[in-house]
Amino acid sequence: MVWRLLTGDCVDAGRGLAVDEVLARNAGSGVSPTTLRLYTYRPHVALVGRFQDVAHEVHLPFCEQHGIQVNRRPTGGGAILMGPNQLGVALVLPGRGEVLKWRARELMIRFSRGLVQGLGGLGIRASFRGKNDLEVGGRKIAGLGIYRDSSGGLLFHGSLLVDLDVELMSRVLKTPFERVTDKELATVARRTSSVRKVLGTSVTMEDVRSCIAAGFGEAFEVGLEPGELAASERDAIDILDREKYQTPGWVFQRTQVPDTSGAATLQTPAGLLDVRVALAGRMIKTVCIRGDFFADEGAIADVEGRLRWHSSEPAAVAATVRGCASLDEESLDQASLIQAIVSATANAGEPYGCFVTPQPEAHP
Amino acid sequence: MGSDPPFNIPHDRHYDRVHHLWAWWDEASRRVRVGIDSIGLESLGELAYVALKEVGTTVLRGESIGTLEAAKMTTIIAAPVSGTVSKCNDAVLQDPLLVNGDPYDGGWLVEIDPANWERDAAELVSGEGIQAWVAAEVERLRTETQAD
């Protein structure tokens, strides 16, 4: 079997998303072939998850001031910053035959296998974690999402961090901290991974793209043939971009699920523990664990990653934290961490207005 | 290997084989109440967001009556019957985890005035067919779990 391979760079936010959605819809109705698309966005774009509230996730004045396009993905998950150093991965499948029988779990496993295999070709050992992350040593290196179109077509979205400008990200995307300090930036940098960081080399985007393409070919046992969009696809993309992705009705839509945030501090034998959480209804969207304790950053990043898009029920939180084998009891005991996270979620109720408002003038 | 998840599949309603939505025909109101069954929820995971079509929207069987974001994917909610959306469950819009906690009662999604209940019901699983269908679905779920 042969799939079409599409590549592109410097893509606008709306058009990039419109291409993926049209291909998924067309694949579902049998008009477009199964396609793997590996592309980068223009510098830069901020993309929120399907149901997120843009104003809660993105610092809009900063984006406007710096020409950063903001849009909404059809797939779920959290807000991301994309640009020349983040590889967008879109796989569209018809969702018929055998694929129709695969359930969400199997679909995500198969999709992530393509990325894991591709990263393996670069010498990076990544694994699937939680709802939609690929991690290396506990640190997130890629975000994943699945969308099933009404035609039955399936769209798998991935964003692979080839490199990451942590400072820019912290000024574009909101975090549950009052101020973005150098210490905070350093913590985020230590808890996030990227291809170049892991390899310690300046591998090119082209090399990464080639390896990821090869990984999907191996994982799905298919050949990949470089191709172009058909004229009919381009027409449909133009229409969808104009009528959906360029409209405030899509980009700025709101959900009825209330967003809240909460915090808790706890003095532990290892030091002060400071936990901030952001919730969508009763679901944890983000957990940020800080403090003056000494613990492996990869282990803390792993806990944060596993609790992303996770139930806030205390028993579920406790079970997940206890499942993080990398957490060293001597540096930070699980019971204290569970207590702090559960307290922070219990305290949640403050609206997102307390979230950080980065200072654009401080940005170089 | 662990034991099968304790799926609760009430026999008082009909089920969409592929999308795992249930349809309950209320003779008194002559409306069909729609929700997600427990096998579908096992596969989706916990629901973070639900959006439903507005009351008055007309849909064909298989068309979208809404969208949801669950722990494992974002997907449309495919109407198990054709008709007009006559009521949405506001409670699940504000707290989607209600669907996971009480899928057959408080976690219902929409009510539909069916265009032809008898015709669409014939396409769904019900009565004595439920047991064999559930057994096959549980087997498929077990296979997926082993691949995980």
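Below, the structure is looked at part by part. All values derive from a computational prediction rather than experimental measurement.

Quick look at the environment of Glu 228 of chain A now. Residue and element names in this part refer to chain A. Tracing the sequence through the fold places Glu 228 in the loop between strand 11 (223–226) and helix 10 (231–245). Residue classification places Glu 228 among the exposed residues on the basis of a relative accessible area of 67%. Residues Glu 228 and Val 48, spaced 180 residues apart in sequence, show a C-alpha to C-alpha distance of 27 Å. When neighbours within four sequence positions are excluded, Glu 228 is seen to be in contact with Arg 4, Leu 6 and Glu 233.

A word on helix 7 (residues 182–191) of chain A. All names here are of chain A. Taken as a whole, helix 7 has its buried residues at Glu 184, Leu 185, Thr 187, Val 188 and Arg 191. Each buried residue of helix 7 lies within a common arc of 160° when the element is viewed along its axis, so the set occupies one face. For helix 7, the exposed residues set more than 90 degrees away from the buried face come down to Asp 182 and Lys 183. Residues of helix 7 that are buried make contact with strand 9 (139–148), helix 6 (166–172), strand 14 (283–291) and helix 12 (297–306).

Here the focus is the packing of helix 7 of chain A against helix 12 of chain A. All names here are of chain A. At a minimum axis distance of 9 Å, the contact between helix 7 and helix 12 shows a crossing angle of 85°. Judged by the angle between their axes, helix 7 and helix 12 are roughly perpendicular. Listed contacts from helix 12 to Thr 187, Arg 190 and Arg 191 of helix 7 are Glu 297, Ile 300, Ala 301 and Glu 304. Tallied by class, the residues present in the contact of helix 7 with helix 12 amount to two nonpolar, one polar and four charged.

What follows concerns the packing of aromatic side chains. This model, assessed by the stated rule, comprises 11 aromatic pairs over all chains. Here Phe 111 of chain A and Phe 216 of chain A contribute two aromatic rings whose centre-to-centre distance is 5.5 Å and whose plane-to-plane angle is 50°, an arrangement assigned as tilted. Note that Phe 111 of chain A is positioned in helix 5 (residues 104–121) and Phe 216 of chain A in helix 9 (residues 205–220), a separation of 105 residues in sequence. Feature note: the residues Trp 3, Phe 111, Phe 156, Phe 216 and Phe 220 of chain A constitute an aromatic cluster, connected by ring pairs. Here the guanidinium or amino end of Arg 50 of chain A rests over the ring plane of Phe 51 of chain A, the centre of that ring lying 4.5 Å away. One Lys or Arg, Arg 13 of chain B, reaches over the ring of Trp 22 of chain B and ends 4.5 Å from the middle of that ring.

About the thresholds
- For every chain, the first residue of the written sequence is number 1, and numbering continues from 1 along that sequence.
- Each chain takes a letter, starting from A, and each ligand takes a number, starting from 1, following the order in which they are written.
- A pLDDT threshold of at least 70 governs which residues receive local features in this predicted model, and a stricter bar of 80 or more applies before side-chain atom pairs are shown or counted, although totals over entire chains, interfaces and linings include all residues.
- Just so you know, side-chain values use all the structure's heavy atoms and leave hydrogens and water out.
- Put simply, DSSP H or I for four residues or longer makes a helix, DSSP E for two residues or longer makes a strand, and each gets a number counted from the N terminus.
- Buried residues are those whose accessible area, probed at 1.4 Å on protein chains only, stays under 20% of the maximum for their type, while exposed residues exceed 50% and partly exposed ones sit between those limits.
- Any two residues whose heavy atoms approach within 4.5 Å are treated as being in contact.
- This arc corresponds to the set of directions leading from the helix axis out to the C-beta atoms.
- The convention used is that axes are lines fitted to C-alpha atoms, helices contributing only their stretch in contact, and that angles between N-to-C directions extend from 0 to 180 degrees.
- Any angle that is under 35 degrees is reported as roughly parallel, and any over 145 degrees as roughly antiparallel; angles of 65 to 115 degrees are reported as roughly perpendicular and all others as oblique.
- Gly is put with the polar residues, along with every residue not named as nonpolar or charged; the nonpolar set is Ala, Val, Leu, Ile, Met, Phe, Trp, Tyr, Cys and Pro, and the charged set is Asp, Glu, Lys and Arg.
- Any pair of Phe, Tyr and Trp rings, taking the six-membered ring for Trp, is counted once the centres come within 6.5 Å. Such a pair is stacked with planes under 30 degrees apart, edge-to-face with planes over 60 apart, and tilted for the rest.
- Throughout this description, the term charge over a ring refers to an Arg CZ or Lys NZ atom that lies within 6 Å of the ring centre and within 35 degrees of the ring normal.

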